[in-house]
Amino acid sequence: MLNSLDPAQRRVAFLGFEDAVSGEERVRLVSEFAKKESPQSLPVDVGCFYTGPHSNRRLTTVAYAEFSNADVAKNFAKKFAESKTTLGGGVSVSVRPARTKLNGQRN
(Lines give C-alpha, C1' and ligand atoms only; values in the text may rest on other atoms or scores of the structure.)
Protein backbone atom coordinates (compact mmCIF):
# COMPACT_ATOMS: atom_id res chain seq x y z
CA MET A 1 0.00 0.00 0.00
CA LEU A 2 2.70 2.50 0.95
CA ASN A 3 4.60 1.74 -2.24
CA SER A 4 1.70 3.22 -4.23
CA LEU A 5 2.27 6.55 -2.43
CA ASP A 6 5.99 6.64 -3.25
CA PRO A 7 6.75 9.59 -5.59
CA ALA A 8 9.17 7.34 -7.50
CA GLN A 9 6.11 5.72 -9.09
CA ARG A 10 5.65 8.99 -11.03
CA ARG A 11 9.34 9.60 -11.75
CA VAL A 12 11.73 8.78 -14.55
CA ALA A 13 15.44 8.67 -13.71
CA PHE A 14 18.17 10.00 -16.02
CA LEU A 15 21.33 8.09 -15.07
CA GLY A 16 24.96 8.66 -15.92
CA PHE A 17 25.55 12.42 -15.75
CA GLU A 18 29.20 13.43 -15.64
CA ASP A 19 30.45 15.35 -12.60
CA ALA A 20 31.22 18.34 -14.82
CA VAL A 21 27.51 18.92 -15.55
CA SER A 22 26.07 21.21 -12.86
CA GLY A 23 22.73 20.62 -11.16
CA GLU A 24 21.16 23.62 -12.89
CA GLU A 25 22.38 22.39 -16.27
CA ARG A 26 20.99 18.90 -15.61
CA VAL A 27 17.57 20.34 -14.77
CA ARG A 28 17.64 22.46 -17.92
CA LEU A 29 18.70 19.54 -20.14
CA VAL A 30 16.08 17.15 -18.74
CA SER A 31 13.34 19.81 -18.96
CA GLU A 32 14.16 20.61 -22.59
CA PHE A 33 14.37 16.93 -23.49
CA ALA A 34 10.97 16.17 -21.93
CA LYS A 35 9.40 19.21 -23.61
CA LYS A 36 10.75 18.12 -27.00
CA GLU A 37 9.98 14.40 -26.69
CA SER A 38 6.67 14.52 -24.82
CA PRO A 39 5.01 17.95 -25.21
CA GLN A 40 1.55 16.54 -24.41
CA SER A 41 2.59 15.44 -20.90
CA LEU A 42 5.24 17.68 -19.39
CA PRO A 43 6.88 16.87 -16.05
CA VAL A 44 5.54 18.65 -12.97
CA ASP A 45 9.00 18.63 -11.36
CA VAL A 46 12.59 18.12 -12.50
CA GLY A 47 15.46 17.78 -10.06
CA CYS A 48 18.69 16.10 -9.06
CA PHE A 49 19.56 13.58 -6.38
CA TYR A 50 22.20 14.48 -3.82
CA THR A 51 24.22 12.50 -1.31
CA GLY A 52 25.88 13.39 1.95
CA PRO A 53 24.89 15.49 4.96
CA HIS A 54 23.08 18.78 4.37
CA SER A 55 26.24 20.69 5.27
CA ASN A 56 28.16 18.95 2.47
CA ARG A 57 25.73 17.93 -0.30
CA ARG A 58 27.16 16.45 -3.50
CA LEU A 59 25.40 15.66 -6.75
CA THR A 60 24.97 12.02 -7.68
CA THR A 61 25.00 10.97 -11.33
CA VAL A 62 21.16 10.87 -11.40
CA ALA A 63 18.50 13.47 -12.23
CA TYR A 64 14.75 12.89 -12.41
CA ALA A 65 11.56 14.11 -14.06
CA GLU A 66 8.32 13.66 -12.10
CA PHE A 67 5.08 13.39 -14.05
CA SER A 68 1.45 13.83 -13.02
CA ASN A 69 0.80 10.09 -12.72
CA ALA A 70 2.55 6.73 -12.86
CA ASP A 71 1.18 5.76 -16.29
CA VAL A 72 2.69 8.82 -17.97
CA ALA A 73 6.05 8.14 -16.31
CA LYS A 74 6.04 4.47 -17.33
CA ASN A 75 5.20 5.31 -20.95
CA PHE A 76 7.90 7.98 -21.08
CA ALA A 77 10.52 5.62 -19.62
CA LYS A 78 9.49 2.76 -21.90
CA LYS A 79 9.99 4.97 -24.96
CA PHE A 80 13.69 5.50 -24.15
CA ALA A 81 14.66 2.52 -21.99
CA GLU A 82 16.37 0.39 -24.65
CA SER A 83 19.36 2.60 -25.43
CA LYS A 84 21.46 5.55 -24.33
CA THR A 85 19.75 8.90 -24.88
CA THR A 86 21.58 12.04 -25.91
CA LEU A 87 20.39 15.25 -24.30
CA GLY A 88 21.34 18.71 -25.54
CA GLY A 89 25.04 19.49 -25.61
CA GLY A 90 25.96 15.88 -26.32
CA VAL A 91 25.28 14.64 -22.77
CA SER A 92 24.56 10.90 -22.94
CA VAL A 93 22.39 9.28 -20.23
CA SER A 94 20.22 6.22 -19.64
CA VAL A 95 16.50 6.67 -19.01
CA ARG A 96 14.81 4.29 -16.58
CA PRO A 97 11.81 4.24 -14.26
CA ALA A 98 12.91 5.63 -10.88
CA ARG A 99 13.62 3.09 -8.14
CA THR A 100 11.02 3.08 -5.37
CA LYS A 101 11.99 2.86 -1.70
CA LEU A 102 10.71 -0.71 -1.65
CA ASN A 103 12.90 -1.68 -4.62
CA GLY A 104 15.86 0.22 -3.14
CA GLN A 105 15.61 -1.71 0.12
CA ARG A 106 15.40 -5.00 -1.73
CA ASN A 107 18.45 -4.24 -3.85
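What you see is a predicted model, and the numbers here were worked out from it, not measured in a lab.

A. The nonpolar core, seen in detail. Counting 22 residues, the largest nonpolar core has Val 12, Phe 14, Phe 17, Val 30, Phe 76 and Leu 87 as its most contacted members. Of all the elements in the fold, those that place two or more residues in this core are β1 (11–15), α1 (23–37), β2 (45–51), β3 (58–66), α2 (70–80) and β5 (92–97). A per-element tally of this core places α2 first, with five residues. Residues within four places of Phe 76 in sequence aside, it is in contact with Val 12, Phe 14, Phe 33, Ala 34, Ser 38, Phe 67 and Val 95.

B. Examining the pairing of β2 more closely. With six bridges joining them, β2 and β3 adopt antiparallel strand pairing. Within the sheet, the bridge partner assigned to Cys 48 lies in β3 and is Ala 63. Where β2 folds back onto β3 in an antiparallel hairpin, the turn is made up of six residues, including Gly 52, whose phi is positive at roughly 95°.

C. Structural view of the pairing of β1. Extensive coverage of β1 is indicated by the burial of four of its five residues. Looking at chain direction, β1 and β3 are connected through five bridges and run antiparallel. By the bridge assignment for β3, Leu 15 is matched with Val 62. With four bridges joining them, β1 and β5 adopt antiparallel strand pairing. Residue pairing across strands places Val 12 opposite Pro 97, the latter belonging to β5.

The rules behind each value
- Residues numbered from 1 in each chain as written.
- Predicted model: local features only at pLDDT ≥ 70, side-chain atom pairs only at ≥ 80, totals over all residues.
- Heavy atoms only, no water.
- Core = buried A, V, L, I, M, F, W, Y, C linked by side-chain atoms within 4.5 Å.
- Buried < 20%, exposed > 50% of the residue type's maximum accessible area, 1.4 Å probe, protein only.
- Helix = DSSP H or I, 4+ residues; strand = E, 2+ residues; numbered from the N terminus.
- Contact = heavy atoms within 4.5 Å.
- Pairing = 2+ DSSP bridges.

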